[in-house]
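# Structural characterization, general
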Amino acid sequence: EVRPYDLKPGAIPQAEEAFAEALPYREKYSPIAAFWHTEIGPLNQIIHVWGYEDLEERARIRAEANNDPNWPPKIGAGNLLNMNSEIWIPAPFMRPLGGDQALGAIYEMRSYTYQPGSIPELLRRWGDSVPYREELSPLAAGMYTEFGDLNRWMHIWAYKDLAQRAEARAESRNLPQWPPGTPGLVSQENKIMVPASFSPMH
């Protein structure tokens, strides 16, 4: 589950402080997989990611956590402009989210929308090509939508900094196996994110 929250300008430091304070209580029920805030793209946004075995486990854990007096974090109603919840299915070749993964200081989240029926071929092509691309930078996540806006593919890449991102992307264009070239691409968007101090992926 990927949960992007839009905040008022200047509210991110307080929101991350509130999350850091409340997170130990929430993690009694299940661990957080990642927590970022946006640096480039849609600004004033925090994104937290939670992993579940299935929707039944998600419903059970969220019900238990919502009965905890220390959860949810006290972001402040005036700071929270919009909340969204997205359910994604990990690609077969994706590394598990969460744990202590020091992959990079910045992360790029790229979300693509495809024509209906494109995702199975996308997964096949990406599965063949990702090992070559990961020689340049690690794929932190690769997922497709299950609910909400369908036919979407999200891939998240970790980098040391923006200079390394530019270098890796330039070098990737010289790889004969990259990009995978999946047909049916409709639209693309991206955002550059910075992990919070308490994020397992950092």
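To start, this report covers the structure provided alongside it.

Calculation rules
- Residues numbered from 1 in each chain as written.
- Predicted model: local features only at pLDDT ≥ 70, side-chain atom pairs only at ≥ 80, totals over all residues.
- Heavy atoms only, no water.
- Helix = DSSP H or I, 4+ residues; strand = E, 2+ residues; numbered from the N terminus.
- Rg over C-alpha atoms; globule rule 2.2 N^0.38 Å.
- Buried < 20%, exposed > 50% of the residue type's maximum accessible area, 1.4 Å probe, protein only.
- Contact = heavy atoms within 4.5 Å.
- Areas by Shrake-Rupley, 256 points an atom, 1.4 Å probe, with all protein chains shown as cover.
- Lys, Arg positive; Asp, Glu negative; His and termini not counted.
- Charge placed at Lys NZ, Arg CZ, Asp CG, Glu CD.
- Salt bridge = Lys/Arg side-chain N within 4 Å of Asp/Glu carboxyl O.
- Core = buried A, V, L, I, M, F, W, Y, C linked by side-chain atoms within 4.5 Å.

Each helix and strand in the protein was counted, giving 4 helices and 9 strands. The C-alpha atoms of the protein give a radius of gyration of 17 Å, which matches the 17 Å a tight globule of 202 residues would have. Here the C-alpha coordinates of the protein stretch approximately 55 × 35 × 30 Å along the principal axes. Among the 202 residues that make up the protein, the fraction classed as buried is 46%. For the protein, long-range pairs separated by at least 24 residues make up 83% of all intrachain contacts whose partners lie at least 6 apart in sequence. A total of about 10,200 Å² of accessible surface is found on the protein, and carbon and sulfur atoms cover 51% of it. In the protein, 19 side chains carry a positive charge and 26 a negative one; their mean positions are 3 Å apart.

Taken as a whole and judged by the stated rule, the model has 11 salt bridges. Two residues, E1 and R3, come together in a salt bridge whose shortest N-O distance is 2.6 Å. The salt bridge involving R110 is made with E108; its shortest N-O contact spans 2.8 Å. Accessibility expressed as a relative area gives 0% for E108, which makes it buried. In this structure, a network of salt bridges that share partners links the residues E121, R124, R125 and D128.

Ranked by internal contacts, the top residues of the largest apolar core, which has 19 residues, are L7, F19, F35, I46 and I75. When residues of this core are traced back to their parent elements, those giving at least two are β1 (2-7), α1 (12-26), β2 (32-40), β3 (45-50) and α2 (55-66). Those residues in contact with L7, other than ones at most four positions away along the chain, are I12, A15, N44, I46, I75, N79, L80 and L81. Core analysis: the second largest hydrophobic core is formed by 18 residues, V49, M109, I156 and A158 among them.

A few words on the environment of N174. Note on placement: N174 falls in the loop between α4 (162-172) and β9 (185-195). Taking the C-alpha atoms as reference points, N174 and L139, 35 residues apart in sequence, are found 18 Å from one another.

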